[in-house]
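Working through the structure, step by step
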Amino acid sequence: MTEEPQDPFVVHRSLLFTVAYEMLGSAADAEDVVQESWLRWSAVDRARVSDARAYLVRIVTRQSLNRLRTLSRRREDYVGEWLPEPLLTSPDVAEDVELAESVSIAMLTVLETLGPAERAVFVLREVFDLPYEEIAAAVGKSTAAVRQIARRARDHVAARRPRMRVERAERQAVVDRFLAALRTGRLQELMEVMAPDVVMITDGGGVVAAAPAPLHGADLVAGILAGAHAKVTALEMTALLLNGEPAGRVDFDGEPSTVSVTVENGLITRIYVVRNPGKLTRLDAPSELTR
(Lines give C-alpha, C1' and ligand atoms only; values in the text may rest on other atoms or scores of the structure.)
Protein backbone atom coordinates (compact mmCIF):
# COMPACT_ATOMS: atom_id res chain seq x y z
CA MET A 1 0.00 0.00 0.00
CA THR A 2 1.57 3.26 -1.12
CA GLU A 3 1.50 6.34 1.08
CA GLU A 4 -0.40 9.41 -0.02
CA PRO A 5 2.08 12.14 -1.05
CA GLN A 6 2.22 15.08 1.32
CA ASP A 7 0.47 18.25 0.28
CA PRO A 8 3.07 20.61 -1.27
CA PHE A 9 1.97 23.31 1.17
CA VAL A 10 2.98 21.11 4.11
CA VAL A 11 6.27 20.21 2.42
CA HIS A 12 7.19 23.86 1.82
CA ARG A 13 5.61 25.45 4.87
CA SER A 14 8.93 26.33 6.57
CA LEU A 15 10.15 27.94 3.35
CA LEU A 16 6.93 29.93 3.01
CA PHE A 17 7.16 31.15 6.61
CA THR A 18 10.80 32.17 6.03
CA VAL A 19 9.90 34.14 2.89
CA ALA A 20 7.09 35.94 4.71
CA TYR A 21 9.21 36.60 7.82
CA GLU A 22 12.08 38.05 5.78
CA MET A 23 9.68 40.34 3.97
CA LEU A 24 7.79 41.44 7.09
CA GLY A 25 10.23 41.20 10.02
CA SER A 26 7.37 39.92 12.17
CA ALA A 27 6.71 36.28 12.95
CA ALA A 28 3.10 36.97 13.91
CA ASP A 29 2.42 38.70 10.59
CA ALA A 30 4.32 35.99 8.73
CA GLU A 31 2.11 33.32 10.32
CA ASP A 32 -0.99 35.28 9.27
CA VAL A 33 0.32 35.48 5.70
CA VAL A 34 1.04 31.73 5.63
CA GLN A 35 -2.48 31.02 6.87
CA GLU A 36 -4.01 33.34 4.26
CA SER A 37 -1.89 31.64 1.60
CA TRP A 38 -3.14 28.22 2.71
CA LEU A 39 -6.74 29.36 2.22
CA ARG A 40 -5.92 30.47 -1.33
CA TRP A 41 -3.98 27.28 -2.05
CA SER A 42 -6.85 25.13 -0.83
CA ALA A 43 -9.07 26.63 -3.53
CA VAL A 44 -6.58 25.99 -6.37
CA ASP A 45 -6.99 23.24 -8.96
CA ARG A 46 -3.73 21.36 -8.25
CA ALA A 47 -3.82 19.60 -11.62
CA ARG A 48 -3.18 22.96 -13.32
CA VAL A 49 -0.09 23.76 -11.19
CA SER A 50 3.14 22.54 -12.80
CA ASP A 51 5.54 23.86 -10.11
CA ALA A 52 3.90 23.87 -6.68
CA ARG A 53 6.90 25.45 -4.89
CA ALA A 54 7.05 28.42 -7.27
CA TYR A 55 3.28 28.81 -7.16
CA LEU A 56 3.21 28.84 -3.37
CA VAL A 57 6.09 31.32 -3.13
CA ARG A 58 4.17 33.56 -5.53
CA ILE A 59 1.05 33.43 -3.32
CA VAL A 60 3.05 34.17 -0.16
CA THR A 61 4.91 37.03 -1.85
CA ARG A 62 1.69 38.69 -2.98
CA GLN A 63 0.11 38.30 0.46
CA SER A 64 3.27 39.67 2.09
CA LEU A 65 3.25 42.71 -0.21
CA ASN A 66 -0.36 43.39 0.76
CA ARG A 67 0.55 43.05 4.44
CA LEU A 68 3.62 45.31 4.04
CA ARG A 69 1.45 48.18 2.88
CA THR A 70 -0.71 47.82 5.98
CA LEU A 71 2.32 47.49 8.25
CA SER A 72 3.98 50.62 6.88
CA ARG A 73 1.00 52.66 8.08
CA ARG A 74 0.98 50.89 11.45
CA ARG A 75 4.70 51.47 11.97
CA GLU A 76 4.32 55.19 11.38
CA ASP A 77 2.38 55.26 14.67
CA TYR A 78 4.80 52.95 16.52
CA VAL A 79 6.19 54.44 19.74
CA GLY A 80 10.00 54.75 19.62
CA GLU A 81 12.34 52.64 17.50
CA TRP A 82 10.96 49.62 15.62
CA LEU A 83 13.07 46.46 15.47
CA PRO A 84 12.27 43.08 13.86
CA GLU A 85 10.78 40.34 16.03
CA PRO A 86 13.62 38.07 17.26
CA LEU A 87 13.29 34.32 16.78
CA LEU A 88 14.99 31.52 18.66
CA THR A 89 16.70 29.39 16.00
CA SER A 90 18.39 26.00 15.91
CA PRO A 91 22.11 25.42 15.17
CA ASP A 92 21.34 24.26 11.62
CA VAL A 93 20.17 27.79 10.74
CA ALA A 94 23.47 29.19 12.05
CA GLU A 95 25.40 26.63 9.99
CA ASP A 96 23.81 27.93 6.77
CA VAL A 97 25.90 31.11 6.71
CA GLU A 98 23.93 32.85 3.97
CA LEU A 99 20.56 32.06 5.55
CA ALA A 100 21.79 33.20 8.97
CA GLU A 101 23.03 36.48 7.53
CA SER A 102 19.78 37.08 5.64
CA VAL A 103 17.56 36.59 8.73
CA SER A 104 19.86 38.38 11.19
CA ILE A 105 18.37 41.30 13.10
CA ALA A 106 20.97 43.56 11.45
CA MET A 107 19.92 42.51 7.93
CA LEU A 108 16.20 42.67 8.66
CA THR A 109 16.70 46.17 10.03
CA VAL A 110 18.41 47.17 6.77
CA LEU A 111 15.59 45.60 4.75
CA GLU A 112 13.15 47.89 6.60
CA THR A 113 14.70 50.80 4.68
CA LEU A 114 13.59 49.33 1.33
CA GLY A 115 10.23 49.90 -0.30
CA PRO A 116 7.84 46.89 -0.46
CA ALA A 117 8.66 45.92 -4.07
CA GLU A 118 12.40 46.37 -3.53
CA ARG A 119 12.29 44.25 -0.40
CA ALA A 120 10.36 41.48 -2.12
CA VAL A 121 12.69 41.40 -5.12
CA PHE A 122 15.82 41.49 -2.95
CA VAL A 123 14.63 38.66 -0.70
CA LEU A 124 13.48 36.42 -3.55
CA ARG A 125 16.61 37.00 -5.63
CA GLU A 126 19.45 37.38 -3.13
CA VAL A 127 18.24 35.00 -0.45
CA PHE A 128 16.22 32.39 -2.31
CA ASP A 129 17.92 32.72 -5.71
CA LEU A 130 14.67 32.68 -7.68
CA PRO A 131 14.89 33.35 -11.44
CA TYR A 132 13.95 36.88 -12.47
CA GLU A 133 11.00 35.53 -14.46
CA GLU A 134 9.50 33.89 -11.34
CA ILE A 135 10.04 37.04 -9.29
CA ALA A 136 8.36 39.12 -12.00
CA ALA A 137 5.30 36.86 -11.84
CA ALA A 138 5.26 37.10 -8.03
CA VAL A 139 5.47 40.90 -7.80
CA GLY A 140 3.45 41.71 -10.93
CA LYS A 141 6.19 43.53 -12.85
CA SER A 142 8.14 42.90 -16.05
CA THR A 143 11.37 40.91 -15.94
CA ALA A 144 13.32 43.97 -17.08
CA ALA A 145 11.82 46.07 -14.28
CA VAL A 146 12.63 43.37 -11.73
CA ARG A 147 16.28 43.31 -12.85
CA GLN A 148 16.50 47.08 -12.31
CA ILE A 149 14.80 46.86 -8.92
CA ALA A 150 17.15 44.04 -7.88
CA ARG A 151 20.22 46.08 -8.84
CA ARG A 152 18.94 49.13 -6.97
CA ALA A 153 18.03 47.12 -3.87
CA ARG A 154 21.38 45.30 -3.90
CA ASP A 155 23.28 48.60 -3.97
CA HIS A 156 21.07 50.03 -1.21
CA VAL A 157 21.64 47.04 1.08
CA ALA A 158 25.38 46.84 0.32
CA ALA A 159 25.81 50.45 1.47
CA ARG A 160 24.13 49.71 4.83
CA ARG A 161 24.97 46.12 5.78
CA PRO A 162 28.00 45.22 7.96
CA ARG A 163 31.18 45.68 5.95
CA MET A 164 32.70 42.29 6.73
CA ARG A 165 31.56 38.75 7.41
CA VAL A 166 32.56 37.55 10.88
CA GLU A 167 33.08 33.89 11.71
CA ARG A 168 30.53 32.45 14.10
CA ALA A 169 33.20 31.51 16.68
CA GLU A 170 34.51 35.09 16.79
CA ARG A 171 31.00 36.51 17.08
CA GLN A 172 30.23 34.05 19.89
CA ALA A 173 33.39 35.07 21.77
CA VAL A 174 32.47 38.75 21.54
CA VAL A 175 28.88 38.10 22.63
CA ASP A 176 30.13 36.06 25.60
CA ARG A 177 32.44 38.92 26.64
CA PHE A 178 29.59 41.39 26.30
CA LEU A 179 27.19 39.30 28.38
CA ALA A 180 29.89 38.83 31.04
CA ALA A 181 30.38 42.62 31.15
CA LEU A 182 26.61 43.14 31.39
CA ARG A 183 26.51 40.69 34.28
CA THR A 184 29.06 42.69 36.28
CA GLY A 185 27.81 46.10 35.14
CA ARG A 186 31.36 47.46 35.18
CA LEU A 187 31.73 50.46 32.93
CA GLN A 188 35.29 49.70 31.78
CA GLU A 189 34.50 46.09 30.86
CA LEU A 190 31.50 47.22 28.83
CA MET A 191 33.53 49.85 26.98
CA GLU A 192 36.32 47.40 26.16
CA VAL A 193 33.98 45.22 24.05
CA MET A 194 32.44 48.13 22.11
CA ALA A 195 33.70 50.15 19.16
CA PRO A 196 34.03 53.87 20.01
CA ASP A 197 31.21 54.73 17.58
CA VAL A 198 28.86 51.93 18.69
CA VAL A 199 25.13 52.49 18.19
CA MET A 200 22.44 50.99 20.43
CA ILE A 201 18.80 50.74 19.30
CA THR A 202 16.14 49.78 21.84
CA ASP A 203 12.57 48.72 21.02
CA GLY A 204 10.07 48.98 23.86
CA GLY A 205 7.02 49.65 21.70
CA GLY A 206 5.72 52.18 24.22
CA VAL A 207 4.99 49.28 26.59
CA VAL A 208 8.25 49.17 28.60
CA ALA A 209 11.04 51.71 29.08
CA ALA A 210 13.31 52.15 26.05
CA ALA A 211 15.42 54.89 24.48
CA PRO A 212 13.20 56.84 22.05
CA ALA A 213 16.06 57.20 19.53
CA PRO A 214 19.35 55.42 18.73
CA LEU A 215 22.16 56.03 21.24
CA HIS A 216 25.62 56.80 19.84
CA GLY A 217 29.09 56.30 21.30
CA ALA A 218 30.69 53.83 23.70
CA ASP A 219 30.76 56.31 26.61
CA LEU A 220 27.01 56.93 26.45
CA VAL A 221 25.96 53.33 25.70
CA ALA A 222 28.20 51.79 28.37
CA GLY A 223 27.08 54.39 30.90
CA ILE A 224 23.39 53.64 30.28
CA LEU A 225 23.93 49.87 30.51
CA ALA A 226 25.95 50.24 33.72
CA GLY A 227 23.26 52.52 35.13
CA ALA A 228 20.52 50.01 34.27
CA HIS A 229 22.53 47.28 35.99
CA ALA A 230 22.75 49.36 39.16
CA LYS A 231 18.96 49.78 39.31
CA VAL A 232 17.92 46.12 39.10
CA THR A 233 17.70 43.68 41.98
CA ALA A 234 17.54 40.49 39.87
CA LEU A 235 19.43 39.94 36.64
CA GLU A 236 19.38 36.75 34.58
CA MET A 237 21.35 36.17 31.41
CA THR A 238 21.21 33.36 28.85
CA ALA A 239 23.30 32.91 25.73
CA LEU A 240 21.27 31.62 22.79
CA LEU A 241 20.97 31.67 19.02
CA LEU A 242 18.63 34.35 17.73
CA ASN A 243 17.97 34.64 14.01
CA GLY A 244 20.88 32.31 13.29
CA GLU A 245 23.47 34.26 15.29
CA PRO A 246 24.91 34.23 18.82
CA ALA A 247 22.89 36.56 21.03
CA GLY A 248 21.57 36.87 24.55
CA ARG A 249 18.41 36.94 26.58
CA VAL A 250 18.57 39.33 29.53
CA ASP A 251 15.87 39.46 32.21
CA PHE A 252 15.85 42.66 34.28
CA ASP A 253 13.77 42.03 37.41
CA GLY A 254 11.76 39.45 35.50
CA GLU A 255 11.25 41.60 32.40
CA PRO A 256 12.76 39.83 29.36
CA SER A 257 14.84 41.49 26.66
CA THR A 258 16.87 40.13 23.76
CA VAL A 259 20.26 41.50 22.80
CA SER A 260 21.66 41.01 19.29
CA VAL A 261 24.87 42.62 18.05
CA THR A 262 26.90 43.40 14.97
CA VAL A 263 30.62 42.69 15.27
CA GLU A 264 33.50 44.18 13.29
CA ASN A 265 37.22 43.84 14.07
CA GLY A 266 36.46 42.04 17.31
CA LEU A 267 34.29 44.86 18.69
CA ILE A 268 30.55 45.50 18.84
CA THR A 269 29.45 48.21 16.42
CA ARG A 270 25.67 47.88 16.84
CA ILE A 271 23.46 46.64 19.66
CA TYR A 272 19.81 45.75 19.07
CA VAL A 273 17.71 45.43 22.23
CA VAL A 274 14.12 44.22 21.93
CA ARG A 275 12.07 44.83 25.09
CA ASN A 276 8.55 44.99 23.65
CA PRO A 277 6.84 41.95 25.28
CA GLY A 278 4.67 41.46 22.20
CA LYS A 279 7.80 40.64 20.23
CA LEU A 280 9.26 38.18 22.75
CA THR A 281 6.81 35.31 22.43
CA ARG A 282 9.04 32.99 20.38
CA LEU A 283 11.97 32.38 22.72
CA ASP A 284 10.95 28.98 24.12
CA ALA A 285 11.14 26.80 21.00
CA PRO A 286 13.21 27.23 17.80
CA SER A 287 11.38 28.55 14.74
CA GLU A 288 11.86 26.54 11.56
CA LEU A 289 13.60 28.68 8.93
CA THR A 290 14.82 27.27 5.64
CA ARG A 291 15.73 28.20 2.10
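Here, the structure is the one placed above.
**Notes on the overall build of the protein chain**
For the protein chain, the helix and strand inventory stands at 13 helices and six strands. Over its C-alpha trace the protein chain gives a radius of gyration of 20 Å, about what one expects of a compact globule, namely 19 Å for 291 residues. Counting every position in the protein chain, which comprises 291 residues, the buried fraction comes to 51%. Partitioning the intrachain contacts of the protein chain with sequence separation of at least 6 by distance along the chain shows that 68% fall at a separation of at least 24. Entry remark: accessible area of the protein chain is about 14000 Å², with carbon and sulfur atoms responsible for 50%. Mean positive and mean negative side-chain charge positions of the protein chain (35 and 42 charges, respectively) differ by 6 Å.

**Here we look at the pairing of strand S3 (residues 235–242)**
Pairing geometry for S3 and strand S4 (residues 245–252), over eight bridges, is antiparallel. The residue of S4 that forms the bridge with Thr238 is Arg249. Where S3 folds back onto S4 in an antiparallel hairpin, the turn is made up of two residues, including Asn243, whose phi is positive at roughly 50 degrees.

**Considerations on the packing of helix H2 (residues 13–24) against helix H8 (residues 116–127)**
At their nearest, the axes of H2 and H8 sit 9 Å apart, and the two run at 135 degrees to each other. In terms of their interaxial angle, H2 and H8 are classed as oblique. Considering only the axes of H2 and H8, their crossing is right-handed. Between H2, through Val19, Tyr21, Glu22, Met23 and Leu24, and H8, the contact on the second element is made entirely by Arg119, Ala120, Val123, Leu124 and Val127. Classifying every residue of the contact of H2 with H8 by side-chain character gives eight nonpolar, no polar and two charged.

**Examining the pattern of salt bridges**
Applying the stated criterion across every chain yields a total of 20 salt bridges. Where Arg13 meets Glu31, a salt bridge forms, and the shortest distance between an N and an O atom there is 3.0 Å. Of the two residues, Arg13 is situated in helix H2 and Glu31 in helix H3 (residues 27–42); the sequence distance between them amounts to 18 residues. Judged by relative accessible area, Arg13 falls into the partly exposed class, the value being 33%. Close ionic contact of Arg171 with Glu245 constitutes a salt bridge, the shortest N to O distance being 3.6 Å. Placement of the pair is Arg171 in helix H11 (residues 168–184) and Glu245 in strand S4, with a sequence separation of 74 residues.

**With respect to the environment of Ser104**
As for its placement among the helices and strands, Ser104 is situated in the loop between helix H6 (97–103) and helix H7 (105–111). What makes Ser104 buried here is its relative accessible area of 4%. For Ser104 and Ser260, which are 156 residues apart along the polypeptide, the C-alpha to C-alpha distance reads 8.7 Å. Non-local contacts of Ser104, meaning those with residues more than four positions away in its chain, are made with Asn243 and Glu245.

**Description of the packing of aromatic side chains**
One pass over the structure, following the stated rule, counts three aromatic pairs. Consider the rings of Trp41 and Tyr55, whose centres lie 5.9 Å apart with planes at 55 degrees: the pair is tilted. Taken together, the positions of Trp41 in helix H3 and Tyr55 in helix H4 (residues 52–76) put the pair 14 residues apart, joining distant regions of the chain. Among the residues examined, Trp41 registers a relative accessible area of 1% and is labelled buried. Directly above the ring of Trp82 sits Arg75, whose terminal nitrogen or CZ lies 3.8 Å from the centroid. Seen from the ring of Tyr132, Arg125 lies directly overhead, with NZ or CZ sitting 4.1 Å from the centre.

**Focus: the side chain of Thr262**
By the element assignment, Thr262 lies in strand S5 (residues 255–264). Of the residues examined, Thr262 reaches a relative accessible area of 4% and is grouped as buried. When near neighbours in sequence (up to four residues on either side) are disregarded, Thr262 contacts Ala106, Pro162, Arg171, Leu267, Ile268, Thr269, Arg270 and Tyr272.

**A short note on the sheet that holds strand S6 (residues 267–274)**
Read across the open sheet, the six strands follow the order S2-S1-S6-S5-S4-S3; overall the sheet is mixed. Lying at the two open borders of the sheet, with one neighbouring strand each, are strand S2 (215–216) and S3. In this fold H11 packs onto strand S1 (194–203), S3, S4, S5 and S6, with an angle of close to 15 degrees to the strand it touches most, S4. Set on the sheet, helix H13 (residues 218–231) makes contact with S1, S2, S3 and S6; between it and S1 the angle comes to about 55 degrees.

Rules behind the numbers
- Residues numbered from 1 in each chain as written.
- Predicted model: local features only at pLDDT ≥ 70, side-chain atom pairs only at ≥ 80, totals over all residues.
- Heavy atoms only, no water.
- Helix = DSSP H or I, 4+ residues; strand = E, 2+ residues; numbered from the N terminus.
- Rg over C-alpha atoms; globule rule 2.2 N^0.38 Å.
- Buried < 20%, exposed > 50% of the residue type's maximum accessible area, 1.4 Å probe, protein only.
- Contact = heavy atoms within 4.5 Å.
- Areas by Shrake-Rupley, 256 points an atom, 1.4 Å probe, with all protein chains shown as cover.
- Lys, Arg positive; Asp, Glu negative; His and termini not counted.
- Charge placed at Lys NZ, Arg CZ, Asp CG, Glu CD.
- Pairing = 2+ DSSP bridges.
- Axes fitted to C-alpha atoms, helices over the stretch in contact; angles between N-to-C directions.
- Parallel < 35°, antiparallel > 145°, perpendicular 65-115°, else oblique.
- Left-handed = near helix turned anticlockwise from the far one by under 90°.
- Nonpolar A, V, L, I, M, F, W, Y, C, P; charged D, E, K, R; others polar.
- Salt bridge = Lys/Arg side-chain N within 4 Å of Asp/Glu carboxyl O.
- Phe/Tyr/Trp six-rings, centres within 6.5 Å; stacked < 30°, edge-to-face > 60°.
- Lys NZ or Arg CZ within 6 Å of the ring centre and 35° of its normal.

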